[in-house]
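The residues making up each chain are set out below.
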Amino acid sequence: MAVCVAVIAKENYPLYIRSSPTENELKFHYMVHTSLDVVDEKISAMGKALVDQRELYLGLLYPTEDHKVYGYVTNSKVKFVMVVDSSNTALRDNEIRSMFRKLHSSYTDVMCNPFYNPGDRIQSRAFDSMVTSMMVQVC
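The structure reproduced in this document is the subject of the present report.

What counts as what
- Residues numbered from 1 in each chain as written.
- Predicted model: local features only at pLDDT ≥ 70, side-chain atom pairs only at ≥ 80, totals over all residues.
- Heavy atoms only, no water.
- Helix = DSSP H or I, 4+ residues; strand = E, 2+ residues; numbered from the N terminus.
- Rg over C-alpha atoms; globule rule 2.2 N^0.38 Å.
- Buried < 20%, exposed > 50% of the residue type's maximum accessible area, 1.4 Å probe, protein only.
- Contact = heavy atoms within 4.5 Å.
- Lys, Arg positive; Asp, Glu negative; His and termini not counted.
- Charge placed at Lys NZ, Arg CZ, Asp CG, Glu CD.
- Polar contact = N/O pair within 3.5 Å; in protein donor to acceptor, adjacent residues only side chain to side chain.

1. Section: the overall build of the protein
And step 1. Looking only at helices and strands, the protein features four helices and five strands.
And step 2. Against the compact-globule benchmark of 14 Å for 139 residues, the protein has a radius of gyration of 14 Å, which places it among compact chains.
And step 3. Dimensions of the protein, computed from the C-alpha atoms along their principal axes, are close to 35 × 35 × 25 Å.
And step 4. Evaluated residue by residue, the protein yields a buried proportion of 42% over its 139 residues.
And step 5. Of the contacts made within the protein by residues no fewer than 6 positions apart, 55% connect residues no fewer than 24 positions apart.
And step 6. Each charge class in the protein was averaged separately, 15 positive and 16 negative side chains, and the resulting centres sit 6 Å apart.

Pasting the structure below:
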């Protein structure tokens, strides 16, 4: 089950963070921000190959005892981080990939809104409901 979804700006500040058990919200914020170092390492390791292949999915960033952290980066260097409960073994890599594609599509819809200022926190109800349905769907 996905327990946290985050959208991080190019300059590494959060645009959107949503976690499902709110009592551990600070823990998930910490996990998301520590994963940014791994995202930067993977992007720099891929280097020019990332541009050539258009592979946006970074895969498993790091596992912990209770959770697995996955990453995705857009062409504009906006990062998506998803924390998944590690007890859910039925969740496959291609399902995580499709969840990131849905998140990217919804993020694109937010960016196309003429009333949204790029760089501001995402406060779209449609984006929030899509993330909520994605978190419930994975359960």
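Text resumes after the structure shown.
2. Things to note about the side chain of His104
And step 1. In this fold, His104 is placed in helix α3 (residues 93-111).
And step 2. A residue is classified by how much of its surface remains accessible, and His104, at 19% relative accessible area, is buried.
And step 3. Filtering out sequence-adjacent residues up to four positions away, His104 remains in contact with Leu56, Tyr72, Thr74 and Phe80.

3. Let's talk about the side chain of Thr74
And step 1. With respect to the secondary-structure elements, Thr74 resides in the loop between β4 (67-73) and β5 (79-85).
And step 2. A polar contact is formed between the side chain of Thr74 and the side chain of Ser76, at a distance of 3.1 Å.
And step 3. With residues up to four places along the chain from it excluded, the contact list for Thr74 reads Leu56, Phe80 and His104.

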